[in-house]
Amino acid sequence: MHEVVVPEVGAHRGDEEQERLVYFHQYELGCLSLFSYLIGDTTTGRAIVVDPQRDVSGYLADARDHGLTIEQVIETHVHADFLSGHLELAKATGAGIAYGAGAQTDFPIRELGHGERIDLGEVVVEVRATPGHTPESISLVVWEHADDPEPWAVLTGDALFLGDVGRPDLLAAAGRSPDDMGRSLYRSLQEQILTLPDGTRVYPAHGAGSACGKQLSTAAESTIGEQRRINYALAPMTEDEFVAVVTEGQSLAPAYFGFAADANRRARGLLDDEAPTEAITIDQVLSIVAEGGVVLDGRNPEVFASGHLVGSINVGLDGRFAEYAGDVVGPAQPIVLVTEPGRETEARVRLARIGFDKVVGHLPDIEQVLIGRPDLSEQARRITADDLATWRSDQPGLQIIDIRNAGEQEPGVIPGAHRLPLAGLVAGIAAAGLDSGAPTVVYCAGGYRSSIAASTLRRLGFATVADILGGFQAWAGAGLPVEIKATHVVTGGAI
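Let us look at the structure shown here. If you're wondering where the values come from, they're calculated on a predicted model, not measured in any experiment.

**Observations regarding the nonpolar core**
Grouped together as the largest cluster of nonpolar side chains are 50 residues, with contacts concentrated most on L296, I335 and L351. Looking at this core, the elements with two or more residues in it are α6 (257-263), β14 (294-297), α9 (321-328), β17 (335-338), α10 (344-352) and α14 (448-459). No other element matches α9, which puts five residues into this core. Residues within four places of L296 in sequence aside, it is in contact with I313, V315, F321, A325, V329, I335, V336, L337, V338 and L351. Counting residues in hydrophobic clusters, the runner-up holds 23 residues, among them F35, V123, V127 and I138.

This is the structure we're talking about:
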């Protein structure tokens, strides 16, 4: 699935030449905040795809419909937030795969050097090394014609976002300090991106909601001049000041990031995004769960709460399904899907987009299964903010967990709450000193993520767990007490 945000754009050299020369198509994958691109020259039919999502049928269809041949798949860097479709596209088209210099993979790639120009015909793509988010990061400057005085656009990958820049702290576990990476990013921005003319269009690899930055805009495109004016990270400042401002307040990286970053370097199985998802029986499900598998229920939290299979984890398909599933399910765990009828393949493909390929099937007709096996059915407890206010007085030993990210907690938390972001929930239970036998209430901003966390805790053996309807918004909106700093703070490291 993909959504066209910016339709193809025709570039014209002058009044004497009215034929459309540039094919440019931006795709948005909202559930992962991903932008990817198909760029071609209509005079030659030669094209490239940049930062593709793993299900590639959309690129293939658009290239076919517009008479384009995809010759290269270019990755602006080794991605951590999704599993890229470079192998799928290479298999389908015979295209080569290219990265910036220094990228390490166990499949053949072409390394693109700084200043290299890729000729598609009239259209030329210039490579600029822009390390900082990762060492091998590149940006791609698009020229309508090789001899134009100014470029038409720049694809900035994760170096420059709209309203933000790429976070420099994700490689701490690989021995790269945020300080060093931040300094590289500062120089990349100042020397390679901000030297472009103000009228140059800017197309990043991610939009609002991505964990690769902290305050990305909802816009799909901008210009160098506009970003120079409005982007906090591009304001005049020293290198030291830049490092301080861009490393402060970053959220805990989603738990699956390390896995996805490694998988993007590997030769691995290919995704068939049109293959059906096998239906399995409840007896098969029980056997899979007994051997370490997990049931992932994609229905919305209200439906899930009314009745679900014991031990299921609820991650609603109408939210950031794959990202949040990757926070509470391991990539090697066999997964059984429960969804609304007809959405099981959508769920499987969305999990595959982060490299979670262990979907063994889906359990159809969940309502009928629960009617026939009431011993396997349970309900989830969801309480109001007023209920919690009463429970805090009546329940000694009550544990309250705030699973929002650090930036979301700045306006305040419920007094006494443990701060444990969803991405660090499973790994942080022991460090937070949580007691599985004590009554526990979980909350997020509005009630979607809290259902994920509460169902995860129940699966891990917590006896009495509830989550708050409407989350912190409902609590604060009811005028109930708020404190600025939580009693317990649990932090996590980068990948």
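We are not done yet, so read on.
**Digging into the packing of aromatic side chains**
Under the criterion given, the structure shown has 11 aromatic pairs. For the ring pair F24 and Y203, a centre distance of 4.6 Å and an interplane angle of 45° mean the geometry is tilted. Taken as a pair, F24 in strand β2 (residues 22-29) and Y203 in strand β12 (residues 201-204) lie far apart in primary sequence, 179 residues in all. The residues F24 and Y203 share a single accessibility class, namely buried. With centroids separated by 6.2 Å and ring planes inclined at 25°, the aromatic side chains of Y443 and F472 adopt a geometry described as stacked.

**Thoughts on the pairing of strand β5 (residues 69-74)**
The pairing of strand β4 (residues 46-50) with β5 spans five bridges and is classified as parallel. Paired with I48 across the bridge in β5 is Q72. For the crossover from β4 across helix α1 (residues 57-65) to β5, the handedness is right-handed. Bridge count between β5 and strand β6 (residues 96-100): three bridges; the pairing is parallel. Bridging from a neighbouring strand, V73 pairs with I97 of β6.

**Here we look at the packing of α9 against α10**
Closest axis-to-axis distance for the α9/α10 pair is 8 Å, and the angle between their directions is 65°. Viewed along their axes, α9 and α10 adopt a mutual orientation that is roughly perpendicular. Where α9 crosses over α10, the two elements pack in a sense that is right-handed. Each of F321, A322 and A325 in α9 lies in contact with α10, whose residues at this interface are A347, R350 and L351. Grouping the constituent residues of the contact of α9 with α10 by class yields five nonpolar, no polar and one charged.

**Observations concerning the sheet that holds β17**
Here we have four strands laid out as an open sheet, ordered β16-β14-β17-β18, and parallel in their pairing. Of all the strands in the sheet, just β16 (313-314) and β18 (359-362) have a single pairing partner and so form its edges. Note that β14 and β16 share two bridges and pair parallel. By the bridge assignment, L296 is partnered in β16 with I313.

**Digging into unusual backbone geometry**
The phi torsion at S33 lies on the positive side, around 55°, for a residue other than glycine. Mapped onto the elements, S33 comes out in the loop between β2 and β3 (34-41). For S33, a relative accessible area of 2% puts it in the buried group. One non-glycine residue, D365, adopts positive backbone phi at about 55°. Within the secondary structure layout, D365 lies in the loop between β18 and α11 (366-372). When its relative accessible area of 55% is taken as the criterion, D365 is described as exposed.

**Things to note about the pairing of strand β9 (residues 124-129)**
A large share of β9 lies buried, amounting to five of its six residues. Relative to β9, strand β8 (residues 117-119) is paired through three bridges, and the arrangement is antiparallel. Its bridge partner being in β9, R117 is matched across the sheet by E126. Where β9 and strand β10 (residues 138-143) come together, six bridges link them in antiparallel fashion. Looking across to β10, one finds that R128 is bridged to S139.

**Details of the sheet that holds strand β11 (residues 153-157)**
Taken in spatial order, the six strands line up as β8-β9-β10-β11-β12-β13 in an open sheet, and their pairing is mixed. If you trace the sheet from one side to the other, it starts and ends with β8 and β13 (222-223), each paired once.

**Focus: the pattern of salt bridges**
Taken as a whole, this structure holds 28 salt bridges when the rule is applied. Across the salt bridge formed by R299 and D297, the nearest N and O atoms sit 2.8 Å from each other. The residues R299 and D297 share a single accessibility class, namely buried. Here E340 and R343 are joined by a salt bridge, their closest N and O atoms 3.5 Å apart. Overlapping salt bridges bring together D179, R183, R187, E239 and D240 as one network.

Definitions and cut-offs
- Every chain begins its residue count from 1, and numbering advances along the sequence as written.
- Local features are withheld for residues below a pLDDT of 70 in this predicted model, meaning they are given only at 70 or higher, and side-chain atom pairs are given and counted only at 80 or more; totals for whole chains, interfaces and linings count all residues.
- Processing note: side-chain calculations cover all non-hydrogen atoms of the structure and skip hydrogens and water entirely.
- As used here, the term nonpolar core means buried Ala, Val, Leu, Ile, Met, Phe, Trp, Tyr and Cys residues forming a set that is joined through side-chain atoms within 4.5 Å.
- The rule is simple: take the accessible area with a 1.4 Å probe, protein chains only, and divide by the maximum for that residue type; under 20% is buried, over 50% is exposed, in between is partly exposed.
- Numbering of helices and strands runs from the N terminus; a helix is a DSSP stretch of H or I covering at least four residues, while a strand is a stretch of E covering at least two.
- Contact between two residues is taken to exist if any of their heavy atoms lie within 4.5 Å; hydrogens are not considered.
- Pairing of aromatic side chains here covers Phe, Tyr and the six-membered ring of Trp, requires ring centres within 6.5 Å, and sorts the geometry by plane angle: under 30 degrees stacked, over 60 edge-to-face, intermediate tilted.
- When DSSP finds at least two bridges between two strands, those strands are taken to pair.
- When the strands point away from the viewer, a crossover counts as right-handed if the path from the first strand over the helix to the second runs clockwise.
- Only the stretch in contact is used when a helix axis is fitted, and all axes are lines through C-alpha atoms; the angle between N-to-C directions ranges over 0 to 180 degrees.
- Roughly parallel means an angle under 35 degrees; roughly antiparallel means over 145; roughly perpendicular covers 65 to 115; every other angle is labelled oblique.
- By definition, turning the near helix anticlockwise from the far helix through less than a right angle yields a left-handed crossing, and turning it clockwise yields a right-handed one.
- Amino acids outside the nonpolar list (Ala, Val, Leu, Ile, Met, Phe, Trp, Tyr, Cys, Pro) and the charged list (Asp, Glu, Lys, Arg) are all regarded as polar, and Gly is one of them.
- Note on definitions: salt bridges are taken to be side-chain nitrogens of Lys or Arg within 4 Å of carboxyl oxygens of Asp or Glu.

So far we have only geometry, and geometry alone does not tell us how the molecule works.
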